[in-house]
Amino acid sequence: MPGTDVVVVGNGAVGLSIAVEIARRAPELHVSVVGPVERTRAASVAAGAMLNCFGEVTAHTRRHRASEARFAIARVALDLWPQWLAELEADAGGAEAAAVRASWSEGTFVVMGSSSGRIAGENFAAMREAAVELGEPHELVDPEQVDGLAPRLGQRPFQVLHLRREGAVDGRAVVTALERAARRRNVELVPATVRSVLRASDGAVSGVELRDGRTVSAGAVVLAAGVASGALADQVLPAGAVPPMLHGTGLAVTVKRVNTGPRGPHVIRTPNRAGTCGLHVVPLAGEDEQYIGATNVIGFDPAPGVYLGLAQTMLRQASEQVDETLAVSYVQRWLVGTRPIPLDCYPLIGPCSIPGLLFATGTYRDGFHSSPAIARHLASTLLQNSPEDNDSPFTQFVPERMPIETTSVSEAVEGAARHAADTMHDQGTQMPWWLDHTPLEEWARGRIRAFFESLEEPVALLPEVIDPQFLDPAAIDTRSTDRLRRYLRAARLHHGA
Ligand SMILES: Cc1cc2nc3c(=O)[nH]c(=O)nc-3n(C[C@H](O)[C@H](O)[C@H](O)COP(=O)(O)OP(=O)(O)OC[C@H]3O[C@@H](n4cnc5c(N)ncnc54)[C@H](O)[C@@H]3O)c2cc1C
């Protein structure tokens, strides 16, 4: 195949946004995007996609410079979206632009339900505090006044926060429009899968090899293949250089209402909950269609599927906590996608020690929202028309690093034990009347401590990464722990930590 200036590996929201942004700024460059047409389990086409920034704030967000930096990127994206969508519509044109416009909804209502756990409550409080402190337009509203919020009796929210600027787009419509925009900007879309990144004799990247044996030569390669980026990076970088990429499998469903009145015209969601994301109901373009999401189970390997029990809980909670009439809506599509989650849960963005190789991945649960900010940053870095600013939040996320630790190990154990007890409550555990949650937390603490001790020299992992290690019977086989131990040894050696 002929050569190109930049090859972007991955055709999700992140890869396509980067390609479009480079093509806008440097039309003289030849840019290619390589990715399979079917996008099996791609995160971007399973996402709602909520464009939430303050809606994603947790009690942890403002407590460490890495989480503050991720929040700063999300804030940049929040400001960018209106203009980004206008440019996308102009670039894509036609039915694709119309589909994006029709799917764009403004406003997110975050509900604090009467059955919520402690972690959700703390996250709700932190979200409101951040909105007040940073002057984000918001208000507490009367739950009765929120269109589309009709929970079951006994599940009525006691607080609802309206985030005026945060809304949603249809993830699938945006990806289709990005593809069309890319084509119209002369980006070449290569329907294939990359097998490996190629290097020249001087060590710099020289292109990629495709699974069908063809090669695409290029002066720069951007790794934006979502969860698959980890394995591609591991082929060319030394063991331990980059935190391992975990698979965050999520299920969502789109539904159609019939004879149950109009849907709410905005996002209704919970705060992020213990060990998982927030439950969310998102309006789709059709006036009677909605998206319900999402589950999240994190593991080292691709999950064989989605637990039926989790699917059951998600659907029950959506109809109990958000809108009873969802139970009598009709299933349209089940969506399964995999979030790219580095071990430390922070993104991998920017250049690495291999000249010409850049990362744009590891976006976890808000990569759709952050994609315009990531695209602009990557385009600037690649085109070097704005040198890296040391204060840029992106400098926190250099791909070659030891896992970012935002707490001590003992705090991580305590945090994970609290999350575990809350998760069990959220999943339906009921204690007898004479016991509170303490025995659950103690049981979890013992198992989590044993897990950390088995790592020899542990790092402080976040609760959502630890949970499956002891709650999921399939993960208790020591394979994940062995891999983690091996990675930590290699990382310490590589980074001299
Ligand atoms: C159920 C669910 C709900 C979510 N909800 C939201 C939300 O509301 N808001 C939000 O901001 N984020 C949300 N997220 C997270 C968000 O979807 C991701 O952070 C983001 O979409 C990641 O985009 P990406 O382009 O990096 O990865 P992906 O979308 O996974 O795209 C990667 C692409 O690379 C391709 N690829 C893989 N291997 C190769 C290879 N070897 N060669 C070439 N191409 C390859 C894949 O086919 C895929 O198309 C959600 C995720 C899930 C799963």
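As a reminder, the structure under discussion sits directly above these lines.
Rules used in this analysis
- Residues numbered from 1 in each chain as written.
- Predicted model: local features only at pLDDT ≥ 70, side-chain atom pairs only at ≥ 80, totals over all residues.
- Heavy atoms only, no water.
- Disulfide = S-S within 2.5 Å.
- Buried < 20%, exposed > 50% of the residue type's maximum accessible area, 1.4 Å probe, protein only.
- Patch = residues over 30% accessible without salt bridge, like charges linked within 9 Å, V, L, I, M, F, W, Y side chains within 5 Å.
- Areas by Shrake-Rupley, 256 points an atom, 1.4 Å probe, with all protein chains shown as cover.
- Salt bridge = Lys/Arg side-chain N within 4 Å of Asp/Glu carboxyl O.
- Helix = DSSP H or I, 4+ residues; strand = E, 2+ residues; numbered from the N terminus.
- Core = buried A, V, L, I, M, F, W, Y, C linked by side-chain atoms within 4.5 Å.
- Contact = heavy atoms within 4.5 Å.
- Phe/Tyr/Trp six-rings, centres within 6.5 Å; stacked < 30°, edge-to-face > 60°.
- Lys NZ or Arg CZ within 6 Å of the ring centre and 35° of its normal.
- Pairing = 2+ DSSP bridges.
- Near = heavy atom within 4 Å.
- Polar contact = N/O pair within 3.5 Å; in protein donor to acceptor, adjacent residues only side chain to side chain.
- Nonpolar A, V, L, I, M, F, W, Y, C, P; charged D, E, K, R; others polar.
- Expected span 1.5 Å × (residues − 1).

Q: Could you give an account of the state of the cysteines, naming the residues involved and the relevant values?
A: The final tally for this structure, using the stated rule, is zero disulfides. The thiol of C277 is not disulfide-bonded; the next cysteine sulfur, from C345, is found 13 Å away. With a relative accessible area of 5%, C277 lands in the buried category.

Q: Can you lay out a nonpolar patch on the surface for me, pointing to particular residues and giving the numbers?
A: A surface patch of nonpolar side chains, amounting to about 470 Å² of accessible area, comprises W433, W434 and L435. Structurally, W434 is set in the loop between helix 9 (409-426) and helix 10 (438-453). In this structure W434 comes out as exposed when scored by relative accessible area, which is 58%.

Q: With reference to specific residues and values, describe the nonpolar core.
A: Grouped together as the largest cluster of nonpolar side chains are 52 residues, with contacts concentrated most on V6, V8, I18, V222, A360, F368 and L378. For this core, the secondary structure elements donating two or more residues are strand 1 (4-9), helix 1 (13-25), strand 2 (31-34), helix 2 (65-92), helix 5 (171-184), strand 10 (215-223), strand 18 (357-361) and helix 8 (367-383). For this core, the leading source of residues is helix 2, giving 10 residues. Ignoring sequence-local partners within four residues, the contact set of I18 consists of V222, A360, A375 and L378.

Q: Tell me about the packing of aromatic side chains, and name the residues and values.
A: Enumeration over the complete set of coordinates arrives at five aromatic pairs. Between Y346 and F397 the ring centres are 5.9 Å apart and the planes differ by 10 degrees, which places this aromatic pair in the stacked class. One end of the pair, Y346, is in the loop between strand 16 (330-342) and strand 17 (348-351); the other, F397, is in the loop between helix 8 and helix 9, with 51 residues separating them in the sequence. Residue Y346 is classed as buried on the basis of its relative accessible area of 0%. Accessibility expressed as a relative area gives 0% for F397, which makes it buried. Ring geometry for W433 versus W434: centroids 5.6 Å apart, planes at 80 degrees, classification edge-to-face. Across from the ring centre of W84, 5.0 Å away, lies the NZ or CZ of R24, which sits over that ring. The aromatic ring of F71 is capped on one face by R75, whose charged end is 5.8 Å from the ring centroid.

Q: Summarise the pairing of strand 14 (residues 289-293); cite the residues concerned and give the values.
A: With respect to burial, strand 14 is a largely interior element, four of its five residues being buried. Taken together, the five bridges between strand 11 (residues 245-256) and strand 14 define a ladder with antiparallel strand orientation. Bridge pairing links T254 to Y291 in strand 14. One ladder, built from four bridges, connects strand 13 (residues 280-283) with strand 14; its direction is antiparallel. Within the sheet, the bridge partner assigned to P283 lies in strand 14 and is Q290. Where strand 13 folds back onto strand 14 in an antiparallel hairpin, the turn is made up of five residues.

Q: Which residues make up the site of the ligand, and what are the values?
A: The full set close to the ligand counts 36 residues, and N11, S44, M50, T363 and H369 are the nearest of them. The contact in question runs from an oxygen atom of the ligand to an N or O atom on the side chain of N11, over 2.5 Å. Take T363: an N or O atom from its side chain is 2.7 Å from an oxygen atom of the ligand. A total of 1000 Å² of accessible area belongs to the ligand in isolation, and the protein chains cover 95% of it. Here the element with the most residues in the shell around the ligand is helix 8; it accounts for three residues. For the shell around the ligand, the class distribution of residues is 20 nonpolar, 12 polar and four charged.

Q: Before we move on, could you go through unusual backbone geometry and cite the residues and values that matter?
A: Outside of glycine, negative phi angles account for most residues, and trans bonds account for most peptide bonds. Following G48, the chain continues to A49 via a peptide bond in cis, the omega torsion being 0 degrees. Its location among the elements puts A49 in the loop between strand 2 and strand 3 (50-51). The amide bond that connects G293 to the next residue, A294, takes the cis arrangement and shows omega of -15 degrees. Relative to the assigned elements, A294 resides in the loop between strand 14 and strand 15 (297-299). Even without a glycine there, the phi angle at Y364 is positive, about 55 degrees. Of note, Y364 is situated in the loop between strand 18 and helix 8.

Q: Any details on the pairing of strand 9 (residues 205-210)? Residues and values, ideally.
A: Bridge count for strand 8 (residues 194-199) against strand 9 is five bridges, and the pairing is antiparallel. Each bridged residue has a counterpart across the sheet, and for R199 the counterpart in strand 9 is V205. The turn joining strand 8 and strand 9, which pair antiparallel and follow one another in sequence, is formed by five residues; a positive phi near 95 degrees is taken by G203. With antiparallel pairing between neighbouring strands as the criterion, strand 9 and strand 10 make up a hairpin whose turn holds four residues, including G213 at a positive phi of roughly 95 degrees.

Q: With reference to specific residues and values, describe the environment of A490.
A: Assignment of secondary structure puts A490 in helix 12 (residues 479-495). The sequence separation of A490 and P238 amounts to 252 residues, and the corresponding C-alpha distance is 8.8 Å. Excluding its chain neighbours within four sequence positions, the residues that come into contact with A490 are A239 and G240.

Q: Explain helix 7 (residues 308-322) residue by residue, including any values.
A: Helix length check: helix 7 (15 residues) gives 21 Å between terminal C-alpha atoms against 21 Å at 1.5 Å per residue, within 8%. By the burial criterion, the buried members of helix 7 are L310, A311, T313, M314, Q317, A318, S319, E320, Q321 and V322. Buried positions along helix 7 lie against strand 11, strand 12 (267-269), strand 13, strand 14, strand 15 and helix 9.

Q: I'd like a description of the pattern of salt bridges, backed by residues and values.
A: Taken as a whole, this structure holds 37 salt bridges when the rule is applied. We note a salt bridge from D422 to R118, for which the minimum N-O separation is 3.0 Å. Here D422, found in helix 9, pairs with R118, found in helix 4 (residues 118-133); they are 304 residues apart in sequence, far enough to count as distant. The closest approach of N and O atoms between R214 and D212, which form a salt bridge, is 2.8 Å. Residue classification places R214 among the partly exposed residues on the basis of a relative accessible area of 34%. Judged by relative accessible area, D212 falls into the partly exposed class, the value being 48%.

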